[in-house]
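Structural overview for review
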Amino acid sequence: MSHVTIIRPPSIFSKSAITINATPPLSVAYLAGSISAAGHQIEVIDAVGEALDQTYDCEIYPLVANGLRHEEIIARIDAETKVIGVSCQFTSEWPEIRKLARLLRQNFPDVTLVSGGEHLTAEPEFSLRDCPELDFLVLGEGEETFVDLVGILENGDFPSEVDGLAYLAEGGEIVQTPRRQRITELDRIPLPRWDLVPLEGYLAKGLSFGVNRGRTIPMLATRGCPYQCTFCSSPNMWTTRWKARRPDLVVDEIESYVKQYQVDNIDFYDLTAVVRKDWIIEFAQLLMDRELNITWQLPSGTRSEALDEEVLSYLYRSGCRNLSYAPESGSPRVLKKIKKKVEPSRMIASMRTAVACGLNAKANIIFGFPGETHSDIWRSLYFIARMAINGVNDVSVWTYSPYPGTEIFAELKQRGKIKEFDDDYFASLLSYADLKNVVSWDDNLSAQVLKIYRIFGLLLFYTTSYASNPLRFFRTMRNLMTNRHESRMEMTLSIFLKRFGRGLGVEGAGGKL
Ligand code: B12
Ligand code: SF4
């Protein structure tokens with residue numbers, strides 16, 4: 001039995017970010033589930049959950065961290081620990097994770113330091129050279145690889161036969177073992193160990209990736225996505241294999257959270273939850289049969305192929321209240337280029353039906369893909385106005401950021417637009433939600449122009465939405481006064497009002513609502 005500690009690092013965001021999302025760390029809870037099921041002793045340090053109200057300036061770049069300081073993390077680590085795993089989900093967090101890894105190495109010279117997550121899977125070589133303090137990187141889906149790695153290390157062997165790893169060999173070359181096959185039987189993955197995470201802080205504050213609908217816990221019903229959009233790292237991370245769990249087991253898990261944690265709402269973090277119509281209908285029916293009196297949401301941004309009237313009505317009746325669509329653009333030319341196989345008019349029809357069924361629909365739009373022109377942006381703006389007229393409740397207008405492991409990132413690197421990973425690049429990734437500091441990766445549109453388009457897009461959507469549905473204004477007022485939120489707009493307004501009341505200071509997510 002080995003002693004393992006898994007760290008979820010502080011969350012990083014920009015000083016003028018619109019929102020700070022602190023949410024319970026699903027990856028870490030899953031990894032803890034697998035490590036403990038394999039018989040090891042496990043501890044979790046969720047740096048965000050343990051200090052939801054604490055924010056501080058990062059030393060390396062002009063960003064803000066939310067959570068424990070590094071020295072506070074180190075102080076919590078058990079001296080008996082043999083393996084420390086650090087999660088690195090976001091590329092923007094890398095400079096801070098590198099700093100943390102160095103401190104961990106100084107303080108625990110003999111432990112094995114492991115890291116995994118989306119960023120490392122995309123850039124293993126860079127990460128190991130930039131931070132040789134890390135002994136092993138776990139690439140892709142982490143559960144089986146981490147369990148195998150810990151087991152082999154415990155026996156005193158070297159894990160050269162473990163698939164899914166990268167490490168720096170003695171001669172200085174990078175070794176990457178073959179990528180591990182995705183887990184096909186998702187139902188055999190041990191459930192997340194939420195009892196090891198400071199969950200109550202998140203639950204009590206209704207912190208959620210989606211809209212605040214009370215005590216919210218994240219879940220996964222499926223893994224992977226069958227599509228290959230060129231701006232998304234999912235194909236590299238998860239391959240294009242989409243796998244779903246047994247719907248009855250997903251409902252069992254929900255029921256256990258209702259009983260154990262009194263949750264009101266479930267956030268599904270799935271990449272593309274609704275792929276198979278028969279699966280989602282069976283799941284919704286089972287959920288209705290249990291009469292659990294909860295709501296659920298799909299906040300990640302789903303596709304619309306399987307979302308017809310029958311499915312949408314099942315979703316609503318089973319408690320789904322918020323659904324995010326991900327059209328990304330209203331320009332057919334851009335959609336083709338980014339390989340987002342979406343037909344804007346069909347998506348609008350699905351959104352209209354969703355709203356008619358009682359669901360709150362949100363759409364994600366991105367401006368500034370490389371090569372996007374003014375005319376493409378105007379098509380997206382027209383699409384934004386159509387969505388508002390058709391009753392869509394919310395829109396996010398992000399500016400494009402290139403993430404490693406994506407096709408566009410590789411193109412930009414080849415063209416010399418991204419020269420090397422410096423800390424400015426990492427910081428630039430958080431400009432996507434920044435009202436002030438926009439970065440443009442598009443030769444046709446400057447950062448200033450993108451910023452204006454972005455603000456215009458948001459204004460266009462919300463003025464059209466409120467003008468075409470005046471009742472919405474009164475509903476928003478009522479929800480703001482009662483601190484209940486149905487849409488993202490209401491949640492964001494509530495955060496702004498609170499921040500305004502406190503002098504607009506940047507706060508931790510604990511002060512979010
Ligand atoms: C939920 C979510 C969020 C939530 C909450 C995230 C959280 N704190 O948990 C919020 C709303 C905060 C969020 C925000 C953003 N997100 Co987000 N988010 C996700 C999402 C949909 C799910 C994450 C998740 O829990 N997955 C399920 C778990 C099981 O998978 P996992 O995290 O990958 O963990 C596995 C492995 O990575 C590995 N692993 C992970 N850590 C470790 C550690 C060790 C030691 C080991 C051994 C293994 C290991 O094992 C795990 C189990 O298999 C992912 C997409 C996805 N489905 O993964 C995007 C994703 C992580 N987000 C992404 C992005 C870009 C963002 C944003 C920039 C917004 C945007 N433009 O979309 C912001 C940035 C926020 C910030 N401040 O940095 C990208 C990250 C790309 C990158 N390289 O940075 C992703 C991958 C989506 C994508 N494909 O583009 N996000
Ligand atoms: S953007 Fe969405 S649909 Fe496209 S590959 Fe990524 S997860 Fe799949």
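In what follows, the structure referred to is the one given above.
Residues numbered from 1 in each chain as written. Chains lettered and ligands numbered in written order. Predicted model: local features only at pLDDT ≥ 70, side-chain atom pairs only at ≥ 80, totals over all residues. Heavy atoms only, no water.

The next subject is the pattern of salt bridges. Scanning the model with the defined rule gives 31 salt bridges in all. Taking the shortest distance from any N to any O, the salt bridge between E144 and R180 comes out at 3.6 Å. On the criterion of sequence distance, the pair formed by E144 in helix α6 (residues 143–154) and R180 in the loop between β10 (174–176) and α7 (199–205) is long-range, its members being 36 residues apart. Under the relative-accessibility criterion, E144 is labelled partly exposed at 36%. Across the salt bridge formed by D148 and R180, the nearest N and O atoms sit 2.9 Å from each other. With D148 in helix α6 and R180 in the loop between β10 and α7, the pair connects residues that are 32 residues apart, well separated along the chain. Look at D148 and you get partly exposed, because its relative accessible area is 33%. One network of salt bridges, in which partners are shared, links E141, E143, R182 and R223. (Salt bridge = Lys/Arg side-chain N within 4 Å of Asp/Glu carboxyl O. Helix = DSSP H or I, 4+ residues; strand = E, 2+ residues; numbered from the N terminus. Buried < 20%, exposed > 50% of the residue type's maximum accessible area, 1.4 Å probe, protein only.)

This part takes up the site of ligand 1. What surrounds ligand 1 is a group of 37 residues, the closest being R8, I12, S87, T91 and E143. Within the backbone of G116, one N or O atom sits 3.3 Å away from a nitrogen atom of ligand 1. Separating an oxygen atom of ligand 1 from a backbone N or O atom of G142 is a distance of 2.9 Å. Elements supplying a minimum of two residues to the shell around ligand 1: α1 (26–37), β6 (83–87), α6 and α8 (234–238). Considered class by class, the residues forming the shell around ligand 1 number 17 nonpolar, 15 polar and 5 charged. (Near = heavy atom within 4 Å. Polar contact = N/O pair within 3.5 Å; in protein donor to acceptor, adjacent residues only side chain to side chain. Nonpolar A, V, L, I, M, F, W, Y, C, P; charged D, E, K, R; others polar.)

A few words on the side chain of S465. Here S465 is to be found in helix α17 (residues 447–468). Note on S465: relative accessible area 4%, which makes it buried.

A few words now on helix α14 (residues 374–389). Compared with an ideal rise of 1.5 Å per residue, which puts 16 residues at 22 Å, α14 spans 23 Å between its outermost C-alpha atoms and is within 8% of the ideal. Along α14, the residues classified as buried are D376, I377, S380, L381, F383, I384, A385, M387 and A388. On its buried face, α14 sits against β16 (320–328), α12 (332–337), α13 (344–356), β17 (360–367), β18 (394–399) and α17. One or two steps after α14, the chain reaches G391, where phi turns positive at roughly 95°. (Expected span 1.5 Å × (residues − 1). Contact = heavy atoms within 4.5 Å.)

If you walk through the whole model with that rule in mind, you get 25 aromatic pairs. Ring plane angle 35° and centroid distance 6.2 Å describe the contact between Y257 and Y261, whose orientation is recorded as tilted. Placement of the pair is Y257 and Y261 together in helix α9 (residues 247–261), with a separation of 4 residues, close to one helical turn. Looking at Y261, the relative accessible area reads 13%, which means it is buried. (Phe/Tyr/Trp six-rings, centres within 6.5 Å; stacked < 30°, edge-to-face > 60°.)

With that settled, the discussion passes to unusual backbone geometry. Even without being glycine, E328 reaches a positive phi, approximately 70°. Turning to its location among the elements, E328 is positioned in strand β16. Residue K339 is not a glycine yet carries a positive backbone phi of 55°. Residue placement: K339 occurs in the loop between α12 and α13.

Honestly, it's all geometry; don't read function into it.
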